[in-house]
Amino acid sequence: MKRQISSNGFVMPMVLAFIIAMTILSAVLLETISNNFWVVQYNLQRQQAFNISEAGVNYYLWHLSHNSSDFKDGKSIPATPDPKLGYGPYVHNYVDSNAVTQGTYTLWIKPQGNGSTIATIRSIGNIKGSNITRTVEAKIGAASFASYALVADSQLWFGNNETADGPVHSNQGIRMDGASTNDITSSNQSYVPSSQLGGNGSTSRPGVWCSTTVSSPVNCNTRNKSLWRYPVPAIDFNQVTGSLCIMKKVAFESDAATAPLASQSTACTKTPNTRTDAYLPQRSTSGSFSSTKGYLIELNANGTYDLSYVNNENDRTTSYTNALTRQSIATGVNVPNSGVIFAEDNVWVRTNGSFHGRVSIAAGRLATTSNASINIVDNLLYSTKNGEDTIGLVAEDSVIIAPYAPPASSSFNFEVDAAVIAQSGDVVYPNRYKSDSNRCTRGFVNSSQKFTYYGSIANRQTWTWTWLLGGYSCGDAVRDSTNNYVSGIQTNTTMYDYNLLYAPPPSFPITSGYNILSWREVLALP
C-alpha cells in the first residue's frame, strides 16, 4: 500500500529561517541607518561648532579694527594674562540670522607685545546643548608705517649709487636707478617726474621706472623688475593725524594726573599744564609757538630718559651742546609702561650711548594751527638690532637731522636708528639753516665721513640726506669730486630694520585695518 508524505514539515522551518534572517538584516539595517544618522548629526554639529569658532575670530577682527589697543574684549579683567593663552576667557552667545542662539564662542586674546600690532586669537566654538567644541586660532595684525623701509606721499628718486633696502612705496611715482632688494610700488600707473626728481616736468613715465642710460652699478635695461608693481592702493598719511591723537590719549592714560582727560571726546584738544613722564605740555601757556623752543629728550642705556627745556637753537654752530640753549628739568625719568611719550611742542632727541628699550616719541600741537617737529641732534642708537629695542619718532611736521648732528671731526661714522614719520613735512638733512635761511648748510663729501640710517622712513614731502647744489658757492656747502657744491652727507646708507615689520614701536600709526594673517584649527584642548 502506498503512503503519502506531507511537505508542511519542510516549509515551516524555511519560513522561520527566512523570518529570522530578515529580522537580523532589518536590525542591522536599522543600526546602520541609526549610526549613519548619528554620524551625519555629529558631523553637522562639528561643522556648526567650527563655524561658530570662526565667527569668534571674525568678531575680534572687527573689534580690533575699531579699538586697536583693546586686548581685553572691552573688559578690565583679568589684570594679568595667562602666559600661554593671553587675556580671557570671554564668552559670547552666537545668535543666527533668525535671532536664535545656536551656541557660544569663548575667546582668548594674546597680544604679541613689544608694540606689535599682531595678536593671537583663540576662539572655541560650542553647540548649544552639546559638548561638541571646535577651536580655531588666528593671528590678526595691521600693517604699520614701519612696514616700509621708505613710504612717501611724494615722488622719489634713487640715484644709481643708492640702494633701496627693504619695501619702498610712493603715492606718486619712483625713479629707481639704484639697486633694490624688495617690493618697489607706486600708486600711479604713470606720472610726470619733476626736474628735481629725475624727470623734465613734462614727460610721463611709468609708476616705477629707471633711466635706460644707467648701466652701472645696475643696468636699467637688463635688471630684474619683477618686484616693481603699479598701480597699488595709496597710503593715507591723514591717518597719522588720528594716530597722533591716539598717542596723546595713551600718554594721558599713563598718569593719574591726566588720566581723566583721556576719555573725554575733546581729549586731543586739551592742553593741560601738568607734566608727567608720558606727557610734556606746551612751553607757552598762551599757546605761542617758536621753532627754536621745546624739549630735549636724551634716551639712556638703562631705559630711562633725561629731559631739558630747549630755550633757543643756533643751528650754525657745531655740536648740540653749543647749538642748544638748555635748562635741565629731570634725569633718569622712567619711560612709561605704554612706551609712549607725547610732547605738545617741538622735540630735540639723542641717545646717551645706546638706548635699551622700546619707545615712541610724538610731537604735535593738536590744539593749535602750529605744527611741531622733531630734530635729531646727535647719534640716535638702540643697543640691539633683533627687535628687542626700537625708537619711534612721529612728528606732526618734519623730522630733521640737525646740521650740527654729524661730528665735526674730519672722519666719522654717524648713525641714526629709528622708525620716523613726518605727517605733513620732510625727513631730511636740511639744505638751509633755520638761523640763516640764506645760507646753505655744511656738507660732508669725504668718503670717511659716513652716515648710516637704520630703521624706517615715512614722509609727506621730501626725503634726502644730500643736496646737490651745482657749481655755485652757497654758505657752508662744500665741493665734491665732480666740482659741485654739496650740503649734507654724501656717503650714506639707508637700511631697513626688518624687525619693524611685526614689532613696530609702541602705538605706531598703522596704514590699514586689521587682517587675518594666518589661522589653524587647534586639535588639542586648551
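Small disclaimer: the values here were computed from a predicted structure and weren't measured.

Visitor: Is there a simple way to explain the sheet that holds strand S14 (residues 208–209) in this structure?
Guide: Paired through their backbone hydrogen bonds, the strands of a sheet run either parallel or antiparallel. Taken together, the three strands give an open sheet; going across it, the order is S6-S9-S14, and neighbouring strands pair in parallel fashion. A strand with exactly one partner marks an edge of an open sheet, and here the two such strands are strand S6 (156–158) and S14. Sheet analysis places strand S9 (residues 174–176) next to S14, joined by two bridges and oriented parallel. Counterpart to Arg175 in the pairing with S14 is Trp209.

Visitor: Would you mind going over the nonpolar core with me for this structure?
Guide: Within soluble globular proteins, side chains that are nonpolar tend to cluster in buried spots. Core analysis: the biggest nonpolar cluster contains 66 residues, and Phe158, Ile297, Tyr305, Ile361, Leu393, Ile401 and Val416 have the highest contact counts within it. The biggest single contributor to this core is strand S26 (residues 412–422), with six residues. Those residues in contact with Ile297, other than ones at most four positions away along the chain, are Leu280, Tyr305, Asp306, Leu307, Ile341, Val347, Trp348, Val349, Arg350 and Ile361. With 27 residues, the next largest nonpolar core counts Met247, Val250, Ala362 and Ala419 among its residues.

Visitor: Got a minute to help me understand the sheet that holds strand S3 (residues 119–127) in this structure?
Guide: As summarised here, the arrangement of the five strands in space is S1-S2-S3-S4-S35, forming an open sheet in which the pairing is antiparallel. Lying at the two open borders of the sheet, with one neighbouring strand each, are strand S1 (87–95) and strand S35 (515–522). For this sheet the average axis-to-axis angle between neighbouring strands, irrespective of direction, equals 25 degrees. Where S1 and strand S2 (residues 101–111) come together, seven bridges link them in antiparallel fashion. Among the inter-strand pairings, Val95 is bridged to a residue of S2, identified as Thr101.

Visitor: Sorry, what's going on with the state of the cysteines here?
Guide: Formally, a disulfide is one covalent bond, and it connects the sulfur atom of one cysteine to the sulfur atom of another. What the rule picks out here adds up to three disulfides. The disulfide that involves Cys245 links it to Cys268, with 1.7 Å between the sulfurs. Taking the sign of the S-S torsion, about 90 degrees here, the bridge from Cys245 to Cys268 comes out right-handed. You can see Cys245 sitting in helix H2 (residues 239–253) and its partner Cys268 sitting in the loop between helix H3 (259–262) and strand S16 (279–280), a full 23 residues away along the chain. Here Cys245 matches Cys268 in class, with each residue buried. Disulfide pairing places Cys440 opposite Cys474 at an S-S distance of 1.8 Å. Between Cys440 and Cys474, the S-S dihedral sits near 75 degrees, and the bridge is therefore right-handed. Pair noted here: Cys440 is in the loop between strand S27 (427–428) and strand S28 (443–444) and Cys474 is in the loop between strand S31 (466–470) and strand S32 (478–479), with a separation of 34 residues, a long-range link. Considered together, Cys440 and Cys474 belong to a single accessibility category, that of buried residues.

Visitor: Teacher, can you tell me more about the packing of aromatic side chains here?
Guide: For any two aromatic rings, the description comes down to two numbers: the centre-to-centre distance and the angle of the planes. The full count for this structure, using the stated rule, is 16 aromatic pairs. Between Phe158 and Trp463 the ring centres are 5.4 Å apart and the planes differ by 40 degrees, which places this aromatic pair in the tilted class. With a gap of 305 residues between them, Phe158 in strand S6 and Trp463 in strand S30 (residues 463–464) connect regions that are remote in the sequence. The exposure classification of Phe158 matches that of Trp463, with both residues buried. Aromatic ring contacts, followed pair by pair, group Phe158, Phe414, Phe451, Tyr453, Trp463 and Trp465 into a single cluster.

Visitor: Would you mind showing me how to read the environment of Gly125 here?
Guide: Looking at where Gly125 falls in the secondary structure, it is placed in strand S3. Sequence separation of Gly125 and Cys440 is 315 residues, and the distance between their C-alpha atoms is 66 Å. Beyond its immediate chain neighbours, meaning those up to four positions away, Gly125 contacts Ala49, Ile52, Ser53, Thr104, Tyr105, Ile132, Thr133 and Arg134.

So, how was this worked out
What you see as residue numbers is a count from 1 along each chain, following the sequence as written. In view of the model being predicted, local features appear only for residues whose pLDDT reaches at least 70, and side-chain atom pairs are presented and counted only at 80 or more, with totals across whole chains, interfaces and linings using the full set of residues. Side-chain numbers here rest on the full set of heavy atoms in the structure, without hydrogens or water. Strand pairing is defined by DSSP finding a minimum of two bridges between the two strands. Only DSSP runs of H or I reaching four residues or more are called helices, and only runs of E reaching two or more are called strands; each is numbered from the N terminus. Here the nonpolar core consists of buried residues drawn from Ala, Val, Leu, Ile, Met, Phe, Trp, Tyr and Cys, with membership extended through side-chain atoms lying within 4.5 Å. For the exposure calls, accessible area comes from a 1.4 Å probe over protein chains only, and a residue counts as buried if that area is under 20% of its type's maximum, exposed if over 50%, partly exposed in between. Residue contacts are counted whenever heavy atoms from the two residues lie within 4.5 Å of one another. Note on geometry: axes are lines fitted to C-alpha atoms, helical ones only across the stretch in contact, with angles between N-to-C directions running from 0 to 180 degrees. When the sulfur atoms of two cysteines come within 2.5 Å, that pair is taken as a disulfide. When two rings of Phe, Tyr or Trp (its six-membered ring) have centres within 6.5 Å they constitute a pair, described as stacked for plane angles under 30 degrees, edge-to-face for angles over 60, and tilted for the intermediate range.

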